[in-house]
Amino acid sequence: MGAGISDWGMQAGTGDWASVDAALGGSTGWDGPGPHVHDRNSPISYASRIRTPILILHGEEDTNVPLSQAIHFHRALRHFGVEHEFVVYPREGHGLTERAHQLDALRRIRAWFARWL
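For the structure given in this document, a descriptive report is provided here. Keep in mind the model is a prediction, meaning the values are calculated, not measured.

### So, the overall build of the protein
Next, step 1: Looking only at helices and strands, one finds 5 helices and 2 strands in the protein.
Next, step 2: Taken from N to C terminus, the helices and strands of the protein fall in the order α-α-α-β-α-β-α.
Next, step 3: For the protein, buried positions account for 34% of its 117 residues.
Next, step 4: Long-range pairs, those at least 24 residues apart, make up 59% of the contacts in the protein between residues at least 6 apart in sequence.
Next, step 5: Here the protein has roughly 7100 Å² of accessible surface; of this, 54% comes from carbon and sulfur atoms.

### Quick word on the nonpolar core
Next, step 1: In this structure, I44, A47, I50, I54, I56, L67, A70, F73, A76, L77 and V82 together form the largest nonpolar core, which totals 11 residues.
Next, step 2: Those elements that place two or more of their residues in this core are strand 1 (54–59) and helix 4 (67–79).
Next, step 3: Judged by nonpolar contacts, the second largest core, of 6 residues, contains L55, L57, V87 and W112.

### Quick look at the pattern of salt bridges
Next, step 1: Evaluation of the coordinates by the stated rule reveals 4 salt bridges.
Next, step 2: Residues E98 and R91 are paired through a salt bridge, measuring 2.8 Å at the closest nitrogen-oxygen approach.
Next, step 3: Among the residues examined, E98 registers a relative accessible area of 25% and is labelled partly exposed.
Next, step 4: One salt-bridge network, held together by shared partners, links E85, D104 and R108.

### A short note on helix 5 (residues 99–116)
Next, step 1: Between its first and last C-alpha atoms helix 5 spans 26 Å; for 18 residues at 1.5 Å apiece the expected length is 26 Å, and the two agree.
Next, step 2: Burial in helix 5 covers these residues: H101, A105 and W112. The buried residues of helix 5 occupy one face: seen down the axis, they fall within an arc of 35 degrees. Within helix 5, the exposed residues directed more than 90 degrees away from the buried face are R99, A100, R107, R110 and A114.
Next, step 3: In this structure, the buried side of helix 5 is in contact with strand 1 and strand 2 (84–89).

### Overview of the side chain of H84
Next, step 1: You can see H84 is positioned in strand 2.
Next, step 2: Since its relative accessible area comes to 17%, H84 is described here as buried.
Next, step 3: At 2.7 Å, the side chain of H84 and the side chain of H74 are in polar contact.
Next, step 4: In terms of polar contacts, H84 uses its side chain to reach the backbone carbonyl oxygen of V82, at 2.8 Å.
Next, step 5: Those residues in contact with H84, other than ones at most four positions away along the chain, are I54, I56, H74, L77, R78 and W112.

Reading the values: rules and limits
Residues numbered from 1 in each chain as written. Predicted model: local features only at pLDDT ≥ 70, side-chain atom pairs only at ≥ 80, totals over all residues. Heavy atoms only, no water. Helix = DSSP H or I, 4+ residues; strand = E, 2+ residues; numbered from the N terminus. Buried < 20%, exposed > 50% of the residue type's maximum accessible area, 1.4 Å probe, protein only. Contact = heavy atoms within 4.5 Å. Areas by Shrake-Rupley, 256 points an atom, 1.4 Å probe, with all protein chains shown as cover. Core = buried A, V, L, I, M, F, W, Y, C linked by side-chain atoms within 4.5 Å. Salt bridge = Lys/Arg side-chain N within 4 Å of Asp/Glu carboxyl O. Expected span 1.5 Å × (residues − 1). Arc of directions from axis to C-beta. Polar contact = N/O pair within 3.5 Å; in protein donor to acceptor, adjacent residues only side chain to side chain.

What follows is the structure in structure tokens.
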């Protein structure tokens, strides 16, 4: 997971997400029975059932997906005992631009695949 959205409900407050709601198969309101479309499509909603190890790489200054998304997901994974690694890159946004961070991410991804595949 590289700066991925883990909670669509939390993300919905960061911009105009009506088109995202429609793409996810719901409306912008909390008006129907059962879970809202944001909850049904958010990885955080299923944290207790995750069995696949997860590598989370996130830029500290990401303005597309706030760091709080990754922190919240990390805490849920830790709570449920899911094998994961959580790395925050300082001074980075939605993509890694510093060479040292790019190399670090590449090494971590390769090691992750070597370990789990």
